[in-house]
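# Architecture at a glance
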There are 2 protein chains.
Amino acid sequence: MSSPIDDLFSLPVSFLDNAPGEIALSTRIRLARNLAGLPFPNAASQEEKCDICDKITAAVNDGHILDFGKKHREFDLAQLSDIDRNVLLERRLASAEFIAPPLEGKRLLVCPLERCSIMVNEEDQIRMQSIRPGFQLQEVYEEINAIDDALSEQLEFAFDNQLGFLTSCPTNAGTGMRASVMLHLPALVLSGQILPTIQGINKLHLAVRGIFGEGTDNRGNLFQISNQYTLGESEAKTIASLDAVITQLILHEKQARKNLLQRDRFTLLDNIGRAYGILRHSYKLSSAETLQSLSFVRMGVDMGFFASIDIKAVNELFIAIGSAHLQKSAGRSLSDTERDISRAELCRQKLK
Amino acid sequence: MSSPIDDLFSLPVSFLDNAPGEIALSTRIRLARNLAGLPFPNAASQEEKCDICDKITAAVNDGHILDFGKKHREFDLAQLSDIDRNVLLERRLASAEFIAPPLEGKRLLVCPLERCSIMVNEEDQIRMQSIRPGFQLQEVYEEINAIDDALSEQLEFAFDNQLGFLTSCPTNAGTGMRASVMLHLPALVLSGQILPTIQGINKLHLAVRGIFGEGTDNRGNLFQISNQYTLGESEAKTIASLDAVITQLILHEKQARKNLLQRDRFTLLDNIGRAYGILRHSYKLSSAETLQSLSFVRMGVDMGFFASIDIKAVNELFIAIGSAHLQKSAGRSLSDTERDISRAELCRQKLK
């Protein structure tokens, strides 16, 4: 049963190539754009959406915009199975809205390294993103900026001199930019400092979300911090203030780990040890328990408690234990119980 | 800091030398006796109790009743520390009542192998017991019977032709015997059959108790099954009916294990695997969680899931993780948290 995404699925998830000790798992920026004179996706007919797909694809092709040494990949969402679409979601190449019906007229373009991609006809006609491992706001910004510039040479974007870039939802108008950093904050959670920390971040007009974006919980002690506003502030300023807050948060998490180690060493070791024990010896694992356990094991590796565990194996598991990834690996759809069993099997193997 | 029980403490607990696959952990029979013409302990003065101690000790010495190749041990409870007394409780050589104040005039006599012992001035003047690993009702009965006979050659017991042996509490009068078998029934618990099983046992006039006797819960999935009545039934008949019920219960537990393996293999493996993971990797373990985890690991060893774990190591941990044993090993009293830490350390070491 081959499918269009098999080749992509076989790649390691590029944004998870973290070094040990990195509190930031990944940095991502996406820009929302629309073409001048063409309807927003929610107002477009199926024909118009297909037309927009072709226009944007042609521009990407002509400018070799996503071809980094090798041709980019293209996926028409309507031609993908439910599992394949969810694999794209779990790899953060597609949003929940993008993979939900109606699927006609939606296309995903992905660069060979999976680092840059464009969703065509999500909420906006163009949602382009760049995502990298670790804390690399500047690098990611430069990359997505270059793609934006190259695209704008081929296409005319809907732009207003007062408002900036026009978008389907007014909360994105202006820069159309959302810059986010995924932070791993287990020590702040364990020491009960996470709630005041989040409240402090919110006061700085930044949003805090769970691993899969808006409305998701903080499973795995993973927090996405991103800018809330796109209007009335330049991209550079938005990124500079996000950069400053993330830098502070990383220091807080590191300090919280030191404090736990000094003041409550056995509670820390116990949380890490049990998490490892569960991943290494269970035969049924829910997604939530696995993410929580991976989180503590990752902190343990960061803090040097596991000489024999490769941080890459742990980082990759964060994505590989997703329901769609498990089903894609199995080559068929799995019941809830079957997923829990195969999730446990994968963790036992990878953490041997 | 040496103490009178150091020598005893250094011995492996004799009744825990089980073979793998044995559902019955241990078999124990105790007989309650009192001396004719001397007051029961609760009515005796301190002087009288000391006098009784000496009389019984002299009889044991003269008859070499507890000297199996080597001299027996004697402990005056008033000379033992709180930790030492609790070590005796955890090794099932003393009851909770016996180690509680007043301690004056209470003495424990223990045979060199720890298998036979006599509490002097517990509820009755004499509480003699024999305890062995596994399901050995007949052997234990013969042994305690021989000790009883030998003692009765030296001493005159309080005996009534109608009632039989007289005891402090009427529920023990008659045979003065309580025969009990400690069963390990994790599969009956896991499959939800334990409650109807216990209700069935109670209807047969047998008592079901937890690991530390009356009023304790079934932590570790351990159940002590014993005769409830001592009046109007011969020792032989009591033992025969207990024997029949235990034989049935062992079959039920074995069948429940087979059923779990066939019908819900992954739930079974998951319980066993997690239990091992927790014992092997935690840094803080409560007594209750440890017993529960040891129980599942013991079942796993029984069922052949752990090639590398010695059943002896698991059986010994059931006693060695007791609070008094941990403190005795540490050579000092430990706070609750310190106990949990040293309990986890012991489990990590022993299950390596």
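Procedures and definitions
Residues numbered from 1 in each chain as written. Chains lettered and ligands numbered in written order. Predicted model: local features only at pLDDT ≥ 70, side-chain atom pairs only at ≥ 80, totals over all residues. Heavy atoms only, no water. Contact = heavy atoms within 4.5 Å. Buried area = accessible area lost by both parts, 1.4 Å probe. Salt bridge = Lys/Arg side-chain N within 4 Å of Asp/Glu carboxyl O. Polar contact = N/O pair within 3.5 Å; in protein donor to acceptor, adjacent residues only side chain to side chain. Helix = DSSP H or I, 4+ residues; strand = E, 2+ residues; numbered from the N terminus. Pairing = 2+ DSSP bridges. Axes fitted to C-alpha atoms, helices over the stretch in contact; angles between N-to-C directions. Core = buried A, V, L, I, M, F, W, Y, C linked by side-chain atoms within 4.5 Å. Buried < 20%, exposed > 50% of the residue type's maximum accessible area, 1.4 Å probe, protein only. Domains from an automatic or database assignment. Parallel < 35°, antiparallel > 145°, perpendicular 65-115°, else oblique. Left-handed = near helix turned anticlockwise from the far one by under 90°. Least-squares fit on C-alpha atoms with pLDDT ≥ 70 in both. Expected span 1.5 Å × (residues − 1). Arc of directions from axis to C-beta. Phe/Tyr/Trp six-rings, centres within 6.5 Å; stacked < 30°, edge-to-face > 60°. Lys NZ or Arg CZ within 6 Å of the ring centre and 35° of its normal.

## Considering the interface of chain B and chain A
Each partner contributes residues to the interface: chain B has 17 residues there, and chain A has 17 residues. Buried surface at the junction of chain B and chain A, summed over both partners, amounts to about 1,500 Å²; 61% is from carbon and sulfur atoms. For B:Glu289, the salt bridge identified is with A:Arg274, shortest N-O distance 2.8 Å. Connecting chain B to chain A are twelve residue pairs in polar contact (both at pLDDT 80 or more). Considering every element that reaches the side of chain B that touches chain A, the biggest residue donor is helix H9 (residues 265-281) of chain B, with ten residues.

## As for the sheet that holds strand E4 (residues 116-120) of chain B
Residues and elements named next belong to chain B. With antiparallel pairing, eight strands are arranged side by side in an open sheet as E2-E3-E4-E5-E1-E8-E10-E9. Bordering the open sheet on either side are strand E2 (73-76) and strand E9 (206-209), each of which pairs with just one other strand. This sheet shows a mean twist of 20 degrees between the axes of neighbouring strands, independent of strand direction. Pairing analysis gives four bridges linking E2 to strand E3 (residues 107-110), with the strands arranged antiparallel. Directly across from Phe75, in E3, lies its bridge partner Leu108.

## Some words on the nonpolar core
In globular proteins that are soluble, nonpolar side chains generally tend to be buried together. With 83 residues, the main nonpolar core has B:Ile29, B:Leu151 and B:Leu183 as its most contacted residues. Broken down by element, this core gets its largest block of residues, eight residues, from helix H8 (residues 235-263) of chain B. Counting only domains with at least three residues in this core, you end up with domain 1 (4-256) and domain 2 (265-350) of chain B. Excluding its chain neighbours within four sequence positions, the residues that come into contact with B:Leu183 are B:Ile23, B:Ala24, B:Asn221, B:Leu222, B:Phe223, B:Ile225, B:Ile246, B:Leu249 and B:Ile250. A:Ile56, A:Leu249, A:Leu260 and A:Leu294 belong to the second largest nonpolar core, which has 82 residues in total.

## Observations regarding the packing of helix H5 (residues 137-154) of chain B against H8(B)
Residues and elements named next belong to chain B. The contact between H5 and H8 brings their axes to 11 Å, and the two run at 155 degrees. In terms of orientation, H5 lies roughly antiparallel with respect to H8. Crossing of H5 against H8: the hand is right-handed. Taking contact as the criterion, the partners of Leu137, Gln138 and Tyr141 in H5 are, on H8, Glu235, Ile239, Leu242 and Asp243.

## Examining the relation of the copies chain B and chain A
Each copy of the sequence occupies a distinct position, and chain B is placed on chain A by a rotation of 180 degrees and an axial shift of 0.0 Å, giving an RMSD of 0.0 Å. In the structure described here, the two chain copies are related by an operation that fits a two-fold rotation axis. By C-alpha distance to the rotation axis, the residue of chain B lying nearest is B:Gly277, at 2.0 Å. When the interface residues of chain B are mapped onto chain A, 100% of them are again interface residues, pointing to one common binding face.

## Some words on helix H5 (residues 137-154) of chain A
Residues and elements named next belong to chain A. Between its terminal C-alpha atoms H5 stretches 26 Å, which fits the 26 Å expected from 18 residues at 1.5 Å a residue. The complete set of buried residues in H5 reads Leu137, Val140, Tyr141, Glu143, Ile144, Ile147, Asp148 and Leu151. Projected down its long axis, H5 carries its buried residues within an arc of 165 degrees, all on one side. Lining the buried residues of H5 we find strand E1 (24-33), helix H2 (46-62), strand E4 (116-120), strand E5 (126-133), strand E8 (177-184) and helix H8 (235-263).

## Topic: the packing of aromatic side chains
Aromatic ring pairs: the centre-centre distance and the angle between the two ring planes describe each pair. Going through the model one piece at a time under the given rule, you end up with six aromatic pairs over all chains. Both rings, one in A:Phe157 and one in A:Phe165, keep their centres 6.2 Å apart while their planes meet at 75 degrees; by these two values the pair is edge-to-face. A:Phe165 matches A:Phe157 in its accessibility class, with the two residues each being buried. Over the aromatic face of A:Tyr283 sits the side chain of A:Arg348, whose NZ or CZ is 3.8 Å from the ring centroid. Sitting over the ring of B:Phe165, B:Arg33 keeps its end group 3.5 Å from the ring centre.

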